[in-house]
Each structure stands twice: as C-alpha cells, then as structure tokens.
Amino acid sequence: MNELTQTKRLTPRHIMVVVAACGMLGAMSSISNVAGVFFTPMATALNVGRGSVSLTTTINGMVSACVGLFIPKVLRSDNFKKLVLLAMVLMVGSTLFISTVSSLPLLYLACVVRGMSAGMVHFVTTTILLSNWYHEKLALVTSIAMGFTGIGGAVLSPILTAIIGRGGWRAGMIGLAAFMALFLAPALLLPITLKPGDQGLEPYGRKEEKTETKTVSGERIPIDWLTAGLVIAAASMASMVTSMAQHYPGTVSSYGLAAAVGSAMISAAMIVNTCGKLLYGTIVDRLSNRRTVPLFGAVTVASLLVILTARSAPLLIAASASYGLCYTLCTVACVMTTKEIFGLENYATVYPKVSMGTTIGNAFAAFYIGHLYDVTGSYSPALIMEICFEIAVVVLISIAYKRGSKAR
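What you are looking at is a predicted structure, and each value in this text was computed from that prediction instead of being measured.

Enquirer: Quick one: what's the story with the environment of Lys339, residue by residue and with numbers?
Expert: Tracing the backbone shows Lys339 in helix 17 (residues 332-342). Taking the relative accessible area as the measure of exposure, Lys339 reaches 22% and is therefore partly exposed. Remark: the alpha-carbon pair of Lys339 and Tyr351, spanning 12 residues in sequence, is separated by 8.4 Å.

So, in structure tokens, the structure goes:
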C-alpha cells in the first residue's frame, strides 16, 4: 500500500514534463497556425500566387509526418535532449533562412528542413513522453499539452501581424523564429528525461506489478486495418478542416474587410482551440467520445456555414471562435478514438499512422485551398469542401466504432 501511495504522488518533475510537452507542441504547431498571416504579404513580395506560398505548409506537413512516423523507432532515453536540441537548431535556423529568401525553390528547401525539425517534436514524441510519465490522468495532461497548440496561434497571430505591418513579412519571420526558440527552451533547460525511471521516479498512478504483468501478458487483439483506415481517413479530413483558419486573412480580404479582422478570427479560433480540448474531455466523461464527436462536428459545420455566408466582422469572429472546436477532433478525439477502438496494447502501432494522417491532411488542405482561390478568385469552394469533410469525419468515426465493437 505504501508503494502504491508513492507512485500516485505528483512531483515537480511530473509537472515539468507537461510544461516541456506544451512548449514542444507550441513550437511545432506555430509553423502552421500562424502561416496564414504570411501568405498574402509573401505572395505579394515574391510576385507569386497565394497557392504557391501556401505550398510551404504542405511541404512542412508532409516532411513532418514522415519523420514523425519513425520517431517511435529512434527515440530513446539517451538521445531525447539531443533530439530536441537538433529540432531547435533546424527549426530556428530554417525559419531565419526563410526571412532572407527571394525565390520559391530556396523557400521550399528551407521548409523541408523545418518540416524535419517539426517531426522531431511531433505529437508522437510528446504523447510517448507523457505516457511514460503518466499512467493516470493521461487524458487530462494530453489535453492540456495539445491545447497549447492553440495558445501559440492565439498569442502569436496578432503579434506577428503587428510586426509584419511595421517591418514586413521578413521581420515577422524573424519574430516567429524567436518564439520557436522560446517554446522549445523548457524541454532543453528543465531537468526532465524521457522516462521517470531515468531519475529514479515512477510514473504518476503506476499500478502494482501484478496488475502490469497481467496486462502485458493478456491476449492481444488483432488490428483490423480496415477500421484503422477509417480512423486515419477521418483524422486526415478533420485536419483538413483546421487548415481553413490559415486563410482567414485572405478570406476577409476577399470580403472587403480589413486584414485585422482575419487576424482576430485566427486568434478567436486558437483560443477556443485551447479551451475546447479541455471542454471536450469534460463532455466525454458524461457522454462518451463516440457521442461527443458528432456534437463538435455539428458546431463546426454550422460555424463554417456562417463564415461562408456572413460579411459582418463581429459575426465572422464569433463563427471563427466556435469553429475552433474542430481542432479537438483531429487531436484529442483521434487519441481517444484510437485507444477505445484498438486498445492500449495496439495504440503505439496504430496512432503514429493516425497522426501521420492528420499531418498530411493539414498539409494537403493548405495547398489546395490556396490554389482553389487562385483558380476561382473565391474561398467559397474551399469552405463548401470543408463542410463536406467535417460531415465525412463524423460518419467515418461512427462506422469505425461500429466495426470496433463487433471486433471486440
């Protein structure tokens, strides 16, 4: 009993791990969450279409997804800090280099390097870190860490917009590099390790050895890869929907409104992005994940319909705020869906693929939304596609749960 009490004690190191995870995800997500404020000024300065500039997000995401897929195989206790340091050097260095480029090939090359760095501090890395330190309250700390992806965008978007307005997009890129370094600093400077055992500590809520042995030796449920494919597809589409926020400055500009309205829309979405993930966990405890997904999906669809039809700044900002709930569906909802359908014993095998799907979806959407605008001169086709994707997310997850229930 005494041993069990000690393993449930929350130490300062446990809290430091959550802080480090928040910073890692804040740095990684800042690449995409504030990309929209750069699209228009960069396209104008480089004399190219917005689609050509938004392709940088696609490159970042694709490379990040590929690197993140291999993280479980290379991440070890003795190289965790080295991996974060390498990520910081590459992320900050490539972002500073982007501030100097004047051609698309060099811009795309820098984005390849930045995508590699993002993959090193990806969702896969942070969820492995958190699951090593927390056996209980894992859903809560995961929600907190993933919620920080929205804080970065909410705080940075207006700051970078102001910097761009005063000194141009190159100055804004330098400012972004500084924030990236700031976000990654806790993971480097705080005395944490990949596993608590490396410091003579135990995971919070670690169960007794007998219970662990029973779990490990229990029957492993085979993975139904068709069901996994449904979850991956749903995650990818859910992530595509979140890419619309990057184009809000351009959207409101096409509506004849000031760029500041677009920046406010991004901030509103990012704030609800953060709060929504914590709210999601609370609602799931009462309704279940399976029922909460359609609820958040319906709110997102309604919000996109308002953004598609409204031309009032206050209404657009309010709709963007409620739209911010969609970020939960490609993060916390995907984690919980994967765990509930495939079980903890298969989570480490399936989730990296799901995470890759979200990254690729976000990257692809950032590309096609920009090019749809270049072709049509309007963001309406993209908004209609996002509405269809969100409906598909709810349908696919519902089917996946039905198949998962039969398999178990």
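Anyway, onward from the coordinates.
Enquirer: I'd like to hear about helix 2 (residues 12-33), residue by residue, with values.
Expert: For helix 2, built from 22 residues, the straight-helix expectation of 32 Å at 1.5 Å per residue is met to within 8% by its first-to-last C-alpha distance of 30 Å. At Ala27, helix 2 shows its maximal kink, close to 25 degrees. Of all 22 residues making up helix 2, 17 are buried, and the element is well covered by its neighbours.

Enquirer: With reference to specific residues and values, describe the pattern of salt bridges.
Expert: In total, this model carries 2 salt bridges according to the counting rule given. Here Asp78 makes a salt bridge to Arg76, at a shortest N to O gap of 3.1 Å. Since its relative accessible area comes to 45%, Arg76 is described here as partly exposed. For the salt bridge of Asp224 with Arg403, the shortest nitrogen-to-oxygen distance reads 2.8 Å. One end of the pair, Asp224, is in the loop between helix 10 (209-217) and helix 11 (225-242); the other, Arg403, is in helix 19 (residues 380-407), and 179 residues separate them in sequence. On the basis of relative accessibility, which here comes to 25%, the residue Asp224 falls in the partly exposed class.

Enquirer: Can you break down the packing of helix 5 (residues 80-98) against helix 9 (residues 169-189) residue by residue, with the values?
Expert: Taken N-terminus to C-terminus, the directions of helix 5 and helix 9 make an angle of 175 degrees; their axes are 8 Å apart at the nearest point. On the basis of the axis angle, helix 5 is roughly antiparallel to helix 9. Split into classes, the residues belonging to the contact of helix 5 with helix 9 amount to 20 nonpolar, 1 polar and 2 charged.

Enquirer: Describe in detail the state of the cysteines, supporting the description with residues and values.
Expert: The tally for this structure, following the rule as stated, stands at 0 disulfides. Free of any disulfide, Cys111 has its nearest neighbouring cysteine sulfur in Cys66, separated by 15 Å. What makes Cys111 buried here is its relative accessible area of 1%. Summary of cysteine pairing: Cys326 is not part of a disulfide, and the nearest cysteine sulfur, belonging to Cys330, is at 6.8 Å.

Conventions and cut-offs
- Each residue is numbered by its place in its chain's sequence as written, counting from 1.
- Reporting in this predicted model follows two pLDDT cut-offs: at least 70 for local features of residues, and 80 or more for side-chain atom pairs to be given and counted; totals over whole chains, interfaces and linings ignore these cut-offs and use all residues.
- Computation of side-chain values covers all heavy atoms of the structure but excludes hydrogens and water.
- The numbering of helices and of strands both runs from the N terminus, where a helix is a DSSP run of H or I of at least 4 residues and a strand a run of E of at least 2.
- Residue burial is assigned from relative accessible area. The probe radius is 1.4 Å, only protein chains are included, and a residue is buried under 20% of its type maximum, exposed over 50%, and partly exposed in between.
- By definition here, a helix of n residues has an expected span of 1.5 Å times n minus one.
- Bend at a residue means the angle formed by two fitted axes: the first through the 7 residues ending at that position, the second through the 7 residues beginning there.
- We define a salt bridge as a contact between a side-chain nitrogen of Lys or Arg and a carboxyl oxygen of Asp or Glu at a distance within 4 Å.
- The axes used here are C-alpha line fits, helices contributing only the stretch in contact, and every angle between their N-to-C directions lies in the interval 0 to 180 degrees.
- If an angle is under 35 degrees, it is roughly parallel; if it is over 145, roughly antiparallel; if it lies from 65 to 115, roughly perpendicular; otherwise it is oblique.
- Residue type decides the class: Asp, Glu, Lys and Arg count as charged, Ala, Val, Leu, Ile, Met, Phe, Trp, Tyr, Cys and Pro as nonpolar, and the leftover types, Gly among them, as polar.
- By convention in this document, the label disulfide applies to cysteine sulfur atom pairs within 2.5 Å.

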